[in-house]
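# Structure assessment
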Amino acid sequence: MFLVLSNVANESAQQLVEMFPPGAASLVTASNLNVSFKAGICFGDFSASKLTIGGVRISAGEISGVISSIAYFLPQEFYYIEPADREYVCAEVSAFFVYFLSQLRCKKLNPSTTKTLTGLGLHRVEWMKAVRDVGVPVQSARLRNGQPVDVGTRHRGPLMRATCIGGTIVEEGIPDRVGEHLHVLSRAFSMPYLCADFATARDGEYLLADLWSVPDVTVPANREAMVRFMQA
């Protein structure tokens with residue numbers, strides 16, 4: 001069983017589920033969590049924990065992969081909970097899923113952290129420092145109140161976007177150097193999914209301009225690559 005975590009507003013998540021063989025994947029959202037996901041956790045033997053996902057009874061050890069297309073749940077998604085309790089319920093459910101996902105021993109796009117259901121969960125300054133530490137050149141940036149500020153064009157041409165999923169660059173025609181940078185980052189962060197924008201410096205080097213680690217399932221080529229990665 002493959003799990004796809006998303007929200008009901010993202011129609012692409014359901015399209016991703018339907019790309020797997022019938023019954024092989026299930027969509028889990030906060031808006032229907034009371035019917036799409038039920039769990040009885042066995043702390044002594046997590047893999048034996050009994051789950052009901054999409055009406056199918058399985059054990060945690062039978063989950064083959066997880067694709068989390070959201071970094072967190074939103075209180076508004078718990079519409080079936082009393083309004084005064086939604087913030088609390090959202091926080092509790094999020095904490096449970098961070099634990100649940102961290103205990104699964106299967107393929108994940110991407111692994112959860114203590115901050116998010118998927119991805120790095122790092123501030124821009126944090127990931128920029130980490131990127132420099134592994135030798136990938138970074139485009140200089142100016143921040144104001146923690147947010148990037150446009151300082152004008154410091155590179156040649158438009159930004160180049162590249163996506164790495166399971167060690168494969170999704171887009172065609174990406175320069176080898178950009179692919180090398182992205183593979184280094186994927187390994188350094190232990191993130192099978194990374195999407196990045198690169199700027200071209202005047203000396204021809206490619207500079208990392210932005211980085212995303214929450215899987216984007218709205219791109220058809222991404223969905224195809226995700227299915228291949230999970231089924232490999």
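The structure reproduced in this document is the subject of the present report.

### Some thoughts on the pattern of salt bridges
In the structure shown here, the tally under the stated rule is five salt bridges. As a salt-bridge pair, K129 and D133 come within 3.2 Å of each other at their nearest N and O atoms. Within this pair, K129 and its partner D133 are both found in helix 4 (residues 124-133), separated by four residues, close to a single helical turn. The same class applies to K129 and to D133, which are both exposed. Residue R177 is joined to E205 by a salt bridge in which the shortest nitrogen-to-oxygen separation is 3.6 Å.

### Things to note about the state of the cysteines
Counted by the stated rule, this structure contains zero disulfides. C164 carries a free sulfur, and the closest cysteine sulfur to it, the one in C195, is 10 Å from it. By relative accessible area, which is 0% here, C164 ends up buried. For C195, a relative accessible area of 8% puts it in the buried group.

### A few points about the packing of aromatic side chains
Counting across every chain of the model gives 14 aromatic pairs. Put simply, the rings of F37, F43, F46, F73, F78, Y79, Y80, F96, F97, Y99 and F100 touch in pairs and so form one group of aromatic residues. Of note, K107 hangs over the ring of F229, and the distance from its end group to the ring centre comes to 4.8 Å.

### Quick notes on helix 6 (residues 220-231)
With 12 residues, helix 6 ought to run about 16 Å at 1.5 Å a step, and its terminal C-alpha atoms sit 17 Å apart, in line with that. Within helix 6, the full set of buried residues consists of N222, R223, A225, M226, V227, F229 and M230.

### Observations regarding the pairing of strand 1 (residues 2-6)
Along strand 1, five of the five residues are buried, which leaves the element largely enclosed by surrounding structure. Taken together, the five bridges between strand 1 and strand 2 (residues 25-29) define a ladder with parallel strand orientation. In the sheet register, L5 faces strand 2, and the bridge partner there is V28. At this point the chain moves from strand 1, through helix 1 (residues 11-18), to the parallel strand 2, and the crossover so formed is right-handed. Relative to strand 6 (residues 65-68), strand 1 runs parallel, the two being bridged by four bridges.

### Considerations on the environment of F100
Its place among the elements puts F100 in helix 3 (residues 86-103). With sequence-adjacent residues up to four places away left out, F100 is seen in contact with L3, F37, I41, F46, L51 and I63.

### Focus: helix 4
Taken residue by residue, helix 4 has R124, W127, M128 and V131 as its buried positions. Buried residues along helix 4 cover an arc of 105° about the axis, so they all sit on one side. In helix 4, the exposed positions angled more than 90 degrees off the buried face are occupied by K129 and D133.

### Comments concerning the sheet that holds strand 2
Hydrogen bonds along the backbone pair up the strands of a sheet, which may run parallel or antiparallel. Ordered in space as 2-1-6-7, the four strands form an open sheet in which the pairing is parallel. With partners counted over all chains shown, the strands left at the sheet margins are strand 2 and strand 7 (107-109), one partner each. Sheet twist, expressed as the average angle between the axes of neighbouring strands with direction ignored, equals 15°. Two elements, strand 6 and strand 7, share three bridges in a ladder whose sense is parallel. Looking at the pairing, I67 lines up with L109 of strand 7.

Criteria and cut-off values
- Residues numbered from 1 in each chain as written.
- Predicted model: local features only at pLDDT ≥ 70, side-chain atom pairs only at ≥ 80, totals over all residues.
- Heavy atoms only, no water.
- Salt bridge = Lys/Arg side-chain N within 4 Å of Asp/Glu carboxyl O.
- Helix = DSSP H or I, 4+ residues; strand = E, 2+ residues; numbered from the N terminus.
- Buried < 20%, exposed > 50% of the residue type's maximum accessible area, 1.4 Å probe, protein only.
- Disulfide = S-S within 2.5 Å.
- Phe/Tyr/Trp six-rings, centres within 6.5 Å; stacked < 30°, edge-to-face > 60°.
- Lys NZ or Arg CZ within 6 Å of the ring centre and 35° of its normal.
- Expected span 1.5 Å × (residues − 1).
- Pairing = 2+ DSSP bridges.
- Right-handed = clockwise from strand over helix to strand, strands pointing away.
- Contact = heavy atoms within 4.5 Å.
- Arc of directions from axis to C-beta.
- Axes fitted to C-alpha atoms, helices over the stretch in contact; angles between N-to-C directions.

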